[in-house]
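Here's the letter readout for the chains.
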Amino acid sequence: MSPLRVSALFILNLSLSLSLLLSGCASSMNWKYQPGPAVSRPPLLANTVAVPPMLEGRPSENSGNGWLIMIPLVLWRSSVTDRPDMVENTDLRFKPHEEIAKAVAQEVENRRLFKTVTYSDRDGSGELLIRGKLESTRLDETVYQYGFAFLAHYLWALGLPARTNHRYLSFTLELVEPLSQHVLWEKTYRTDWSALVSLWWGASPNDIRYDGMLKELMPAVLKDLEEAVKGLTTKR
């Protein structure tokens, strides 16, 4: 076999391998949240609690400029997205209003603060409500193109950094008596996360991360809510 033909086959195999790698790394990012173990104890309050989907309170800025990937000599492109779950053709597969509320319901149920805690689409299905308002899922992202436009994918596959991500998560929770709408407890929680993303090292491009950020906040949520519930029991 001639050296020219060997070189052509090598380039073809390399291109196919890179294409398979890149297609695999472009798979969707799904919500994965693991609640903590259940606590074995009597409930602190003998009330049923419903957790409805979170209310929308996020801004709606979207300064994405993905079209720059077709422009040579562009070294990087930056974007800001307040609602990354609502971007058209996004690989981010999660519904934050439902997913966060479901996670809160399961964690509080496992903590045995109330008789029962369930996620519900109906606001008045429990004797008490844990109602949330989603305030930020902002994503600041910088994608490195190195001046090679869409061919930068091949540089990423060789190990060069692909992007930097800075994510924010913020929400408010409140414990409410649904009939009187009296707020028994309320608090806002915030966190953020930054990482350099690559295909071979650093943060994974398929890491949704909002689930992990919620997990980091959950100990404080459960501690604060338990203290509030204990305060309510002393008043009754």
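Our structure's up above, just so we're on the same page.
In this report, the structure presented in the accompanying data block is examined. All values derive from a computational prediction rather than experimental measurement.

Analysis parameters
- Residues numbered from 1 in each chain as written.
- Predicted model: local features only at pLDDT ≥ 70, side-chain atom pairs only at ≥ 80, totals over all residues.
- Heavy atoms only, no water.
- Helix = DSSP H or I, 4+ residues; strand = E, 2+ residues; numbered from the N terminus.
- Expected span 1.5 Å × (residues − 1).
- Buried < 20%, exposed > 50% of the residue type's maximum accessible area, 1.4 Å probe, protein only.
- Core = buried A, V, L, I, M, F, W, Y, C linked by side-chain atoms within 4.5 Å.
- Contact = heavy atoms within 4.5 Å.
- Phe/Tyr/Trp six-rings, centres within 6.5 Å; stacked < 30°, edge-to-face > 60°.
- Patch = residues over 30% accessible without salt bridge, like charges linked within 9 Å, V, L, I, M, F, W, Y side chains within 5 Å.
- Areas by Shrake-Rupley, 256 points an atom, 1.4 Å probe, with all protein chains shown as cover.
- Salt bridge = Lys/Arg side-chain N within 4 Å of Asp/Glu carboxyl O.

What follows concerns helix α2 (residues 96–111). The terminal C-alpha atoms of α2, which comprises 16 residues, lie 22 Å apart, in line with the 22 Å expected from a rise of 1.5 Å per residue. For α2, the set of buried residues is P96, H97, I100, A101, A103, V104, A105, E107, V108 and N110. R112 lies just past α2 and shows a positive phi near 60°.

Ranked by size, the top nonpolar core spans 43 residues in total, and within it V108, F114, I130, F171, L214 and L225 carry the most contacts. Residue assignment for this core shows that the elements contributing at least two residues are β2 (45–51), α2, β6 (114–119), β7 (128–136), β9 (163–177), β10 (182–197) and α4 (210–235). With eleven residues, α4 is the single largest residue contributor to this core. Those residues in contact with F171 that sit more than four places away from it in its chain are M54, K133, L134, E135, K187, T188, Y189, L214 and L217. Of all hydrophobic cores here, the second largest spans six residues; its members include V143, W156, A162 and L199.

Let's shift gears to the side chain of E174. The residue E174 is located in strand β9 in this model. The buried category is assigned to E174, whose relative accessible area is 13%. Apart from the residues within four sequence positions on either side, E174 is in contact with L129, I130, R131, V183, W185 and E186.

Moving on, we come to the packing of aromatic side chains. To describe a pair of aromatic rings, one takes the distance between the centres and the angle between the planes. In the structure shown here, the tally under the stated rule is five aromatic pairs. Here W31 and Y33 contribute two aromatic rings whose centre-to-centre distance is 6.3 Å and whose plane-to-plane angle is 15°, an arrangement assigned as stacked. Classification of Y33 as buried rests on a relative accessible area of 12%. A ring pair is formed by W31 and F94, whose centres lie 5.7 Å apart and whose planes are at 0°; its orientation type is stacked.

Looking now at a nonpolar patch on the surface. Residues M70, I71, F148, F150, L151 and Y154 make up a contiguous nonpolar surface patch of roughly 570 Å² in combined accessible area. Assignment of secondary structure puts F150 in the loop between β8 (139–144) and α3 (152–157). Since its relative accessible area comes to 45%, F150 is described here as partly exposed.

In this section: unusual backbone geometry. A positive phi angle, close to 55°, is found at A149, a residue other than glycine. Along the chain, A149 turns up in the loop between β8 and α3. A positive phi is found at R209, a non-glycine position, where the angle reads about 70°. Mapped onto the secondary structure, R209 falls in the loop between β10 and α4.

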